[in-house]
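# Descriptive structure summary
Below, each chain spelled out in residue letters.
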Amino acid sequence: TVTVVNKVITVDFGTGIVCLDGRTRSGKLIYDFSTSASGAMFYRNPGFIMKVSSQNYVVEGYAINIINKTITNTTPPTIPSGTNPGTNLTWAITANVSITRPNGGTISWTCSRTKELINTSDSLCYRGQNLHIIWSLAKVKLNGTTTGTNANNETFSATATNLVRDFSCSPVTLRPMRHPFISGTLVYTPGSRPTRTIDFGTGTCDALATLTINNRTFSITL
């Protein structure tokens with residue numbers, strides 16, 4: 001449901017629906033972009049601000065409470081309106097979310113990260129400010145940090161460095177709408193235990209990564 005006057009979009013999954021990625025969702029997600037800069041009506045527009053919240057939102061039995069989440073388009077306002085603008089679209093994202101598992105225990109986390117459309121120069125993906133982005137062709141890069149508490153009430157922290165997701169890459173045929181990271185690293189520290197480093201590779205479209213703990217490295221499948 002789109003309320004143009006109030007600049008609010010509500011996505012209602014009802015009491016349960018199987019989505020294209022194979023996951024079952026129910027409840028609502030609300031997207032409010034009423035505080036965007038003048039003329040910034042779309043996600044691709046510099047100055048666009050979107051606040052995300054949830055109502056009884058459940059994914060595969062996991063109850064997800066989006067306490068607050070804000071996405072701000074930080075692309076320079078002087079970006080040309082046409083294709084291949086000479087700079088990549090960028091966004092800043094902050095969030096505070098709690099997740100209650102179906103078998104008990106609650107995960108909470110906050111994050112601050114940046115998102116970059118690294119193939120903004122691809123005119124098949126980014127077609128200028130007047131047309132929507134073709135996300136199935138997008139390549140995005142994430143950088144940032146997060147902290148929180150896991151389901152065992154243990155604190156954790158993580159740092160993402162140049163994580164790249166290619167939305168044209170779907171290496172797991174049974175889940176064609178899932179797109180794993182294909183490069184970059186995630187450094188994760190659970191409480192006082194040793195830090196884990198996940199390396200997603202150098203850009204090959206696969207579901208493989210390496211996990212390093214205490215100078216021991218293991219190959220893993222995502």
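Placed above this text is the structure.
Along its length, the protein chain carries zero helices and 14 strands. Secondary structure of the protein chain in N-to-C order comes out as β-β-β-β-β-β-β-β-β-β-β-β-β-β. Against the globule reference of 17 Å for 222 residues, the protein chain gives a C-alpha radius of gyration of 19 Å, in line with a compact fold. Taking the principal axes of the C-alpha coordinates as reference, the protein chain spans close to 50 × 40 × 35 Å.

Here we take up the environment of Y126. Following the sequence through the fold, Y126 ends up in the loop between β8 (106-117) and β9 (139-149). Separated by 60 residues in sequence, Y126 and L186 have C-alpha atoms that sit 28 Å apart. Those residues within four positions of Y126 in sequence are excluded, and the remaining contacts are I79, P80, G82, T83, P85, L89, L117, T120 and I133. Within the structure, Y126 has its side chain in polar contact with the side chain of Q129 (distance 3.0 Å).

Attention shifts here to the packing of aromatic side chains. Applying the stated rule across the entire model yields eight aromatic pairs. On the numbers, 5.9 Å between centres and 35° between planes, the contact of F13 with Y57 is tilted. Placement of the pair is F13 in the loop between β2 (8-12) and β3 (17-18) and Y57 in strand β5 (residues 49-59), with a sequence separation of 44 residues. Accessibility expressed as a relative area gives 18% for F13, which makes it buried. Relative accessible area serves as the criterion here: at 10%, Y57 is assigned to the buried category. Centroid distance F156 to Y188: 5.8 Å. Interplanar angle 40°. Geometry classified as tilted. Of the two residues, F156 sits in strand β10 (residues 155-166) while Y188 sits in strand β11 (residues 181-190), which places them 32 residues apart along the sequence. On the basis of relative accessibility, which here comes to 26%, the residue Y188 falls in the partly exposed class. Here a set of aromatic residues connected by ring pairs shows up, and it is made of F33, Y43, F48, W91 and W135.

Checked against the element boundaries, T146 lands in strand β9. Separated by 14 residues in the primary sequence, T146 and A160 have C-alpha atoms spaced 8.5 Å apart. Once you skip the residues sitting within four places of it in the chain, T146 turns out to touch W109, T110, C111, F156, S157 and A158. A polar contact of 2.6 Å, which involves the side chain of T146, links it to the backbone oxygen of T110.

With that out of the way, let us pick up the state of the cysteines. Under the defined criterion, the tally for this structure stands at one disulfide. Across a sulfur-sulfur distance of 2.1 Å, C169 and C205 are joined as a disulfide pair. One disulfide, between C169 and C205, carries an S-S torsion of 95° and so falls in the right-handed class. Residue C169 is located in the loop between β10 and β11, and its partner C205 is located in the loop between β12 (196-202) and β13 (208-213); the two are separated by 36 residues in the primary sequence.

Inspection of every chain in the model, using the stated rule, returns four salt bridges. A salt bridge links R23 to D21; the nearest nitrogen and oxygen atoms lie 3.5 Å apart. Given a relative accessible area of 12%, D21 falls into the buried group.

Here strand β1 (residues 2-3) pairs with β2 via two bridges, running antiparallel. By the bridge assignment, T3 is partnered in β2 with V8. As consecutive antiparallel partners, β1 and β2 are separated by four residues, and within that stretch K7 has a phi angle of approximately 55°, a positive value. Across five bridges, β2 lies against strand β4 (residues 24-32) in antiparallel orientation. By the bridge assignment, D12 is partnered in β4 with K28.

Criteria and thresholds
Residues numbered from 1 in each chain as written. Predicted model: local features only at pLDDT ≥ 70, side-chain atom pairs only at ≥ 80, totals over all residues. Heavy atoms only, no water. Helix = DSSP H or I, 4+ residues; strand = E, 2+ residues; numbered from the N terminus. Rg over C-alpha atoms; globule rule 2.2 N^0.38 Å. Contact = heavy atoms within 4.5 Å. Polar contact = N/O pair within 3.5 Å; in protein donor to acceptor, adjacent residues only side chain to side chain. Phe/Tyr/Trp six-rings, centres within 6.5 Å; stacked < 30°, edge-to-face > 60°. Buried < 20%, exposed > 50% of the residue type's maximum accessible area, 1.4 Å probe, protein only. Disulfide = S-S within 2.5 Å. Salt bridge = Lys/Arg side-chain N within 4 Å of Asp/Glu carboxyl O. Pairing = 2+ DSSP bridges.

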